[in-house]
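Understanding the architecture of this molecule
This is what each chain is made of:
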Amino acid sequence: MEPADWQQVQGIYQEGIDTGNATFEASAPDWEHFDRSRLPGHRHVAASADGTVVGWAAVSPVSARPVYAGVVEHSVYVASSARGLGIGEALLQALIESTENEGIWTIQASVFPENEASLKLHLSTGFTIVGRRQRIARMTHGPLKGQWRDTLLIERRSPGI
Ligand SMILES: CC(C)(COP(=O)(O)OP(=O)(O)OC[C@H]1O[C@@H](n2cnc3c(N)ncnc32)[C@H](O)[C@@H]1OP(=O)(O)O)[C@@H](O)C(=O)NCCC(=O)NCCS
């Protein structure tokens, strides 16, 4: 991912948010916030032959404590026009490779139980469900605004690190 990709990345992020099943966030961040919070070595985009960005993945550290330096939380978003084509899987594989190469041992995420596509994608790329968090937070936007929702905590522990 290059800074020049940001507008498209942000658009795909917002499109995912608008599904109501991707995240508790109500709107995509600006570049400064994204850039500050995501590790620079693990920001990936998938692009078509003409350079159009059709998906992205990135990670944030989960803790500032040195012992957890190898644990990150990821996001993966694919443009609605390009879903179901294996792009999410390719992005996750790229993320697994780049993080493992830097000694990161656990990738985790929280997924709404209703997000079937995300669950299927993650379970088929080596993630497991750690547990279900009950009414962990409330939606602040969309048709479910104000509702408490559960999330599934998922993780992939690298077998090699
Ligand atoms: C979740 C998401 C990233 C999946 O990306 P994708 O490129 O469509 O997924 P892929 O084509 O790589 O498919 C991966 C697996 O998920 C399955 N899948 C994809 N879309 C599906 C759907 N709508 N329902 C059920 N399974 C689905 C595929 O069949 C495939 O499984 P298989 O390998 O066993 O056939 C994409 O749907 C998306 O961006 N959604 C909106 C944002 C979002 O929810 N992000 C995740 C937040 S946790």
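Residues numbered from 1 in each chain as written. Predicted model: local features only at pLDDT ≥ 70, side-chain atom pairs only at ≥ 80, totals over all residues. Heavy atoms only, no water.

Turning our eyes to something else, we now look at the nonpolar core. By size, the foremost hydrophobic cluster in this structure holds 22 residues, and its most contacted members are Val76, Ile87, Leu91, Leu92 and Ile154. Looking at this core, the elements that each hand over two or more residues are strand E2 (53–61), strand E3 (71–78), helix H3 (87–101), strand E4 (106–111), helix H4 (116–124) and strand E6 (148–157). Counting residues per element, this core draws most heavily on H3, which supplies five residues. Among all residues touching Leu92, those that are not within four sequence positions of it are His74, Val76, Leu121, His122, Thr125 and Phe127. (Core = buried A, V, L, I, M, F, W, Y, C linked by side-chain atoms within 4.5 Å. Buried < 20%, exposed > 50% of the residue type's maximum accessible area, 1.4 Å probe, protein only. Helix = DSSP H or I, 4+ residues; strand = E, 2+ residues; numbered from the N terminus. Contact = heavy atoms within 4.5 Å.)

With that out of the way, let us pick up the site of the ligand. Lining the immediate surroundings of the ligand are 18 residues, of which Val78, Gly84, Gly86, Gly88 and Asn115 lie closest. At 2.9 Å from an oxygen atom of the ligand is found a main-chain nitrogen or oxygen belonging to Glu89. In isolation the ligand offers 920 Å² of accessible surface; the protein chains occlude 74% of this area. Judged by the proximity of its atoms to the pocket grid, the ligand belongs to the largest pocket. Where the shell around the ligand is concerned, the elements lending two or more residues are E3, H3 and H4. Counting residues per element, the shell around the ligand draws most heavily on H4, at four residues. (Near = heavy atom within 4 Å. Polar contact = N/O pair within 3.5 Å; in protein donor to acceptor, adjacent residues only side chain to side chain. Areas by Shrake-Rupley, 256 points an atom, 1.4 Å probe, with all protein chains shown as cover. 1 Å grid on protein atoms, 1.4 Å probe; cavity = no way out; pocket = protein on both sides within 12 Å on 5 of 7 lines; lining within 4 Å. Sits in = over half its atoms within 2 Å of the grid points.)

Okay, the sheet that holds E3 next. The strand order across the open sheet built from six strands is E1-E2-E3-E4-E6-E5, with neighbouring strands paired in mixed fashion. With one partner strand each, in any of the chains shown, strand E1 (44–47) and strand E5 (128–138) form the two edges of the open sheet. If you compare each strand with its neighbour and ignore which way they point, the axes differ by 25° on average. (Pairing = 2+ DSSP bridges. Axes fitted to C-alpha atoms, helices over the stretch in contact; angles between N-to-C directions.)

Our focus in this paragraph is helix H1 (residues 6–17). For H1, spanning 12 residues, the distance from its first C-alpha to its last is 16 Å, which sits close to the expected 16 Å at 1.5 Å a residue. The secondary structure elements touched by the buried residues of H1 are helix H2 (31–37), E1, E2 and E3. (Expected span 1.5 Å × (residues − 1).)

So, about the pattern of salt bridges. Under the definition given, this model contains four salt bridges. For the salt bridge of Glu100 with Arg156, the shortest nitrogen-to-oxygen distance reads 3.0 Å. Taken together, the positions of Glu100 in helix H3 and Arg156 in strand E6 put the pair 56 residues apart, joining distant regions of the chain. Using a relative accessible area of 27% as the deciding quantity, one classes Glu100 as partly exposed. (Salt bridge = Lys/Arg side-chain N within 4 Å of Asp/Glu carboxyl O.)

Inspection of the entire model under this criterion finds one cavity of 30 Å³ or more. In this model, the largest cavity occupies a volume close to 30 Å³. The wall of the largest cavity is formed by Ile96, Thr99, Glu100, Ile104, Trp105, Thr106, Ile107, Arg156 and Ser158. Within the lining of the largest cavity, the residues separate by chemical class into four nonpolar, three polar and two charged. (Points joined across faces, edges and corners; volume = space filled by probe spheres on them. Nonpolar A, V, L, I, M, F, W, Y, C, P; charged D, E, K, R; others polar.)

The computed volume of the largest pocket comes to approximately 1,100 Å³. Mapped onto the lining of the largest pocket, the elements with two or more residues apiece are H1, E2, E3, H3, E4, H4 and E5. By residue number, the principal contributor to the lining of the largest pocket is E3, which donates six residues.

Right, let's talk about the environment of Leu153 for a bit. Here Leu153 lies in strand E6. When the C-alpha atoms of Leu153 and Phe127 are compared, they prove to be 9.9 Å apart, with 26 residues separating the residues in sequence. Not counting residues within four places of it along the chain, the set of residues in contact with Leu153 comprises Gln108, Ala109, Ser110, Thr128, Ile129, Val130, Gly131 and Arg133.

Note: most peptide bonds trans; most residues except glycine with negative phi. Phi is positive for Arg135, which is not a glycine, with a value near 40°. When you line up the elements, Arg135 lands in strand E5. For Arg135, a relative accessible area of 54% corresponds to the exposed category.

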